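Summary of the model geometry
What follows is the residue order along each chain.
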Amino acid sequence: MQALLRPHLASMPAYEPVEPYDVLARRLGRTPESLVKLDANENPYGPLPQVREALARLQHVHRYPDPESRALRDALARTFHLPVEHFLVGAGADELLELILRVLIDPGDAVLIPTPTFGMYAFLARVYAARIIDVPRNPDFSLRLDALREAVRIHRPKVLFLAAPNNPDGSLPPREVREALLDLPLLVVMDEAYIEFVDEGGPLGDAASLLPLVPKRENLVVLRTFSKIAGLAGLRVGYGAFPQWLAQAIWKVKQPYNVSVAAQEAARVTLQHREDLIPVVERLRTERQRLYRALQEIPYLEPYPSQTNFVLARLKQGSARALKEDLARQHGILVRYFASPGLENCVRISVGRPQDTDRLLEALQQWEPHA
Ligand SMILES: Cc1ncc(COP(=O)(O)O)c(C=O)c1O
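**Brief notes about the packing of aromatic side chains**
According to the stated counting rule, one finds 10 aromatic pairs in the structure shown. An angle of 10 degrees between the planes, with centres 5.0 Å apart, marks the rings of tyrosine 121 and phenylalanine 161 as stacked. Here tyrosine 121 is found in helix H6 (residues 119-127), whereas its partner phenylalanine 161 is found in strand S5 (residues 159-163), with 40 residues between them in sequence. On the accessibility criterion, tyrosine 121 (1% relative accessible area) is buried. Connected via pairs of aromatic rings, a cluster forms that spans Phe80, Phe87, Phe226 and Tyr239. The ring of tyrosine 45 has arginine 283 sitting right over it, with the charged end atom 4.6 Å from the ring centre. A cation over an aromatic ring shows up here: arginine 348 above the ring of phenylalanine 310, its NZ or CZ 5.6 Å from the ring centre.

Written out as structure tokens, the structure reads:
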């Protein structure tokens, strides 16, 4: 019966998600509370108290959610001063990424991805049997604009996925570079999942965002999420500003009840109290600085400067895989490790609370890299 499968799926690698908290805890012989979870760029402070209260009061969970997420999209329009027609919401930014491919990609169409970057782009492109045009970044993770232009000329991709700032290194291409990409003849999906953490972005990242350009450009999508700064990763809710032609196409093909009642309400209440996120952003930016500086002092690590809520570090000695495993087994500290091109021997550490950084630093100081 396996022959019934679409052939390209047979050889496709599965996405490797982070494992659930309780499963990892059991495997490590620890309680979930004793773990220091720095592997998925989540917000250690969780949602705002007003959101927790709204969720506790939630009515109508026996009814299907609003398929148009009207209250939430109205709140987005008010928050960002754009017409509501530009906004779509999804079960995480991930769902919006997929919806974009669903309406654009026939098998064999090209998708442009400057790598290394968020693995979801290539994963979804493979699901849709797209041709992936991978343009490696410079060693410092900056974009090679000329190489991207050349790739567009040769391969005629329909869409470019750019995480801005980028996961997993945390760099943000300068605004001129991001805007220059908009002159290319393709759809630019600017994934601003971490924009709130950008230093030059003002209190909540807005000054660094390209969101205000969406109504002026036919080829720009800006994606955002409530998973990171709003602390709602478990509820799955993201949003994006889309050009009208694309939003209309996506309305036709999206699952009607894609965002749950709880997720819509939690996201709406977050926007209502958006100012209250400012101290959370400040705390995480401060802790990022502290983490980065402390990692610079660890002799076997070379951290990269970050504009996000995580820091990537390359090991100058020892193995990143061994470090990740030792941190988990001996200390209950979870980080991500990478070995893919451009990320050889790297670990990515999410910014946690000060006490999480303390525990991590103590463990890193004890660790002995073996050649
Ligand atoms: C660059 C980037 N975009 C999008 C996402 C996913 O966001 P969501 O949880 O809203 O699906 C992530 C999550 O790690 C990410 O790193």
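Past the structure itself, the notes keep going.
**Concerning the environment of leucine 235**
Take leucine 235: it is sitting in the loop between strand S7 (220-225) and strand S8 (238-241). Distance in space between the C-alpha atoms of leucine 235 and arginine 78 is 23 Å, their sequence separation being 157 residues. When residues no more than four places from it in sequence are discounted, the contact partners of leucine 235 are Leu55, Ala262, Ala263 and Ala266.

**Topic: the environment of isoleucine 113**
Mapped onto the fold, isoleucine 113 is located in strand S3 (residues 110-115). Between the alpha carbons of isoleucine 113 and aspartate 134 there is a distance of 5.1 Å; along the sequence they are 21 residues apart. If we skip the residues at most four places from it in the chain, isoleucine 113 touches Tyr121, Ala122, Ile132, Ile133, Asp134, Val135 and Phe161.

**Some details on the site of the ligand**
Ala93, Asp191, Tyr194, Thr225 and Ser227 are the nearest of the 14 residues found near the ligand. In the model, an oxygen atom of the ligand is placed 3.0 Å from a nitrogen or oxygen of the aspartate 94 main chain. At 2.7 Å from an oxygen atom of the ligand is found a side-chain nitrogen or oxygen belonging to tyrosine 194. Element by element, the count of residues in the shell around the ligand is highest for helix H5 (residues 92-104), at 3 residues.

**Topic: the sheet that holds S5**
One open sheet accounts for 7 strands, arranged S2-S8-S7-S6-S5-S3-S4; its pairing is mixed. This sheet does not close on itself; its edge strands, each paired only once, are strand S2 (87-90) and strand S4 (131-136). Along the sheet, successive strands turn relative to each other by an average axial angle of 20 degrees, direction set aside. The strands touched by helix H9 (residues 244-253) within the sheet are S2, strand S6 (187-191) and S7, with S2 carrying the most contacts at an inclination of about 40 degrees.

**Description of the domain arrangement of the chain**
Each assigned domain of the chain is listed with its residue range as follows: domain 1 (2-46 + 277-366) and domain 2 (49-274). Computed from C-alpha coordinates alone, the two centres of domain 1 and domain 2 are separated by 23 Å. Taken together, the 34 residues of domain 1 in the interface contact 36 residues of domain 2. Across the domain 1 to domain 2 interface the summed buried area is about 2700 Å²; carbon plus sulfur atoms make up 62%. For the domain 1 face of the interface with domain 2, the top three residues by lost area are Tyr15, Leu277 and Gln307, together amounting to 25%. The interface formed by domain 1 and domain 2 holds 1 salt bridge in total. Notably, a salt bridge pairs aspartate 199 with arginine 288, separated by 3.0 Å at the nearest N-O pair. Our enumeration of links across domain 1 and domain 2 arrives at 15 residue pairs in polar contact (both at pLDDT 80 or more).

About the thresholds
- Residue numbers here run from 1 along each chain, matching the order of that chain's written sequence.
- Local features are withheld for residues below a pLDDT of 70 in this predicted model, meaning they are given only at 70 or higher, and side-chain atom pairs are given and counted only at 80 or more; totals for whole chains, interfaces and linings count all residues.
- Water and hydrogen atoms were dropped before computing side-chain values, which therefore reflect all heavy atoms in the structure.
- Classification of ring pairs rests on two measures: the distance between centres of Phe, Tyr or Trp rings, Trp counted by its six-membered ring, which must be within 6.5 Å, and the angle between planes, read as stacked under 30 degrees, edge-to-face over 60 and tilted in between.
- Secondary structure follows DSSP: runs of H or I at least 4 residues long count as helices, runs of E at least 2 residues long count as strands, and numbering of each begins at the N terminus.
- The cut-offs for exposure are 20% and 50% of the maximum accessible area for each residue type, with area from a 1.4 Å probe on protein chains only; residues under the lower value are buried, those over the upper are exposed, and the others partly exposed.
- Whether a charge sits over a ring comes down to the Lys NZ or Arg CZ being within 6 Å of the ring centre and within 35 degrees of the ring normal.
- Pairs of residues are marked as contacts when any of their non-hydrogen atoms sit within 4.5 Å.
- Proximity criterion: a residue is near a molecule or strand once any of its heavy atoms comes within 4 Å of it.
- The term polar contact refers here to a pair of N or O atoms within 3.5 Å; inside protein, the definition further demands a hydrogen-donor-capable atom paired with an acceptor-capable atom, and it admits residues adjacent in sequence only when both atoms are side-chain atoms.
- Two strands pair under a simple rule: DSSP has to find at least two bridges between them.
- Between N-to-C directions, angles cover 0 to 180 degrees, with each direction set by a line fitted to C-alpha atoms, over the stretch in contact for helices.
- An automatic or database domain assignment is the source of the domain bounds shown.
- Two parts lose some accessible area (1.4 Å probe) when they are put together, and adding that loss for both gives the buried area.
- For salt bridges, the criterion is a side-chain nitrogen of Lys or Arg within 4 Å of an Asp or Glu carboxyl oxygen.

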